[in-house]
Amino acid sequence: MAITLTEAAAKHILKQVAHNADSIGLRLGVKQAGCSGLRYTFGMANEILPSETVFESFGAKVLVDTASLPYLEGTELAYVQEGLNSFFKFNNPKAKNECGCGESFAV
């Protein structure tokens, strides 16, 4: 399975890459945290690490480390604008529960 992006998410990532000449894409992962057990982590990536798999949608790259991939397989990453707020939304088919604030999830 793959990690996919909506067109809006890809555009946002490409915009961020354009603002930072060293960036090549978005690094996505999970770590133990939050009230539901796991929390999404993300930030701009400057290089592809040997332990990462690269996924590409609409020209934007997402890098996922080997340890996080089982929790993220099949996830669609969307970029949502609601009023004055904009944020990444994770449509993760493996997430069985999410906390009320949307910051953490359980599988």
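First, a word on scope: everything that follows refers to the structure included in this document. Each chain has its residues counted from 1, following the order in which its sequence is written. Reporting of local features is limited, given that this is a predicted model, to residues whose pLDDT is at least 70; pairs of side-chain atoms are given and counted only at 80 or more, and all residues count toward the totals for whole chains, interfaces and linings. To get the side-chain values, take all heavy atoms of the structure and skip hydrogens and water.

**Things to note about the side chain of Ser 57**
Phase 1: Counting from the N terminus, the helices are DSSP H or I runs at least four residues long and the strands are E runs at least two residues long. Tracing the backbone through its elements, the reader meets Ser 57 in strand β4 (residues 52–57).
Phase 2: Within the structure, Ser 57 has its side chain in polar contact with the backbone nitrogen of Leu 5 (distance 3.3 Å).
Phase 3: Here Ser 57 is in contact with Ile 3, Thr 4, Leu 5 and Ala 10, once residues within four sequence places are set aside. A 3.5 Å cut-off defines polar contacts: any pair of N or O atoms within that distance qualifies, except that in protein one atom must be a possible hydrogen donor and the other a possible acceptor, and neighbouring residues in sequence count only when both atoms are side-chain atoms. In this analysis, two residues are considered to be in contact whenever any of their non-hydrogen atoms come within 4.5 Å of each other.

**Structural notes on the environment of Leu 72**
Phase 1: Residue position: Leu 72 is located in helix α2 (residues 69–72).
Phase 2: Judged by relative accessible area, Leu 72 falls into the buried class, the value being 0%.
Phase 3: For the pair Leu 72 and Val 30, spaced 42 residues apart in sequence, the C-alpha separation works out to 8.2 Å.
Phase 4: The residues contacting Leu 72, other than those within four sequence positions of it, are Ile 3, Leu 28, Gly 29, Val 30, Tyr 40, Val 64 and Asn 92. Whether a residue is buried, partly exposed or exposed follows from its accessible area with a 1.4 Å probe, protein chains only, as a fraction of its type maximum: under 20%, in between, or over 50%, in that order.

**Here we look at the side chain of Ser 68**
Phase 1: Along the polypeptide, Ser 68 turns up in the loop between β5 (60–65) and α2.
Phase 2: Residues within four places of Ser 68 in sequence aside, it is in contact with Gly 29 and Val 30.

**Quick look at the pattern of salt bridges**
Where charged atoms from two side chains of opposite charge approach closely, those side chains can pair.
Phase 1: What makes a salt bridge here is a side-chain nitrogen of Lys or Arg within 4 Å of a carboxyl oxygen of Asp or Glu, nothing more. In total, this model carries three salt bridges according to the counting rule given.
Phase 2: Residue Glu 7 is joined to Lys 11 by a salt bridge in which the shortest nitrogen-to-oxygen separation is 3.8 Å. In this pair, Glu 7 and Lys 11 both sit in helix α1 (residues 7–19), four residues apart, roughly one turn of the helix.
Phase 3: A salt bridge links Lys 94 to Glu 73; its shortest N-O distance comes to 4.0 Å. Of the two residues, Lys 94 sits in the loop between β7 (85–91) and β8 (97–98) while Glu 73 sits in the loop between α2 and β6 (76–82), which places them 21 residues apart along the sequence.

Everything listed here is a matter of coordinates, which is why it stays silent on function.
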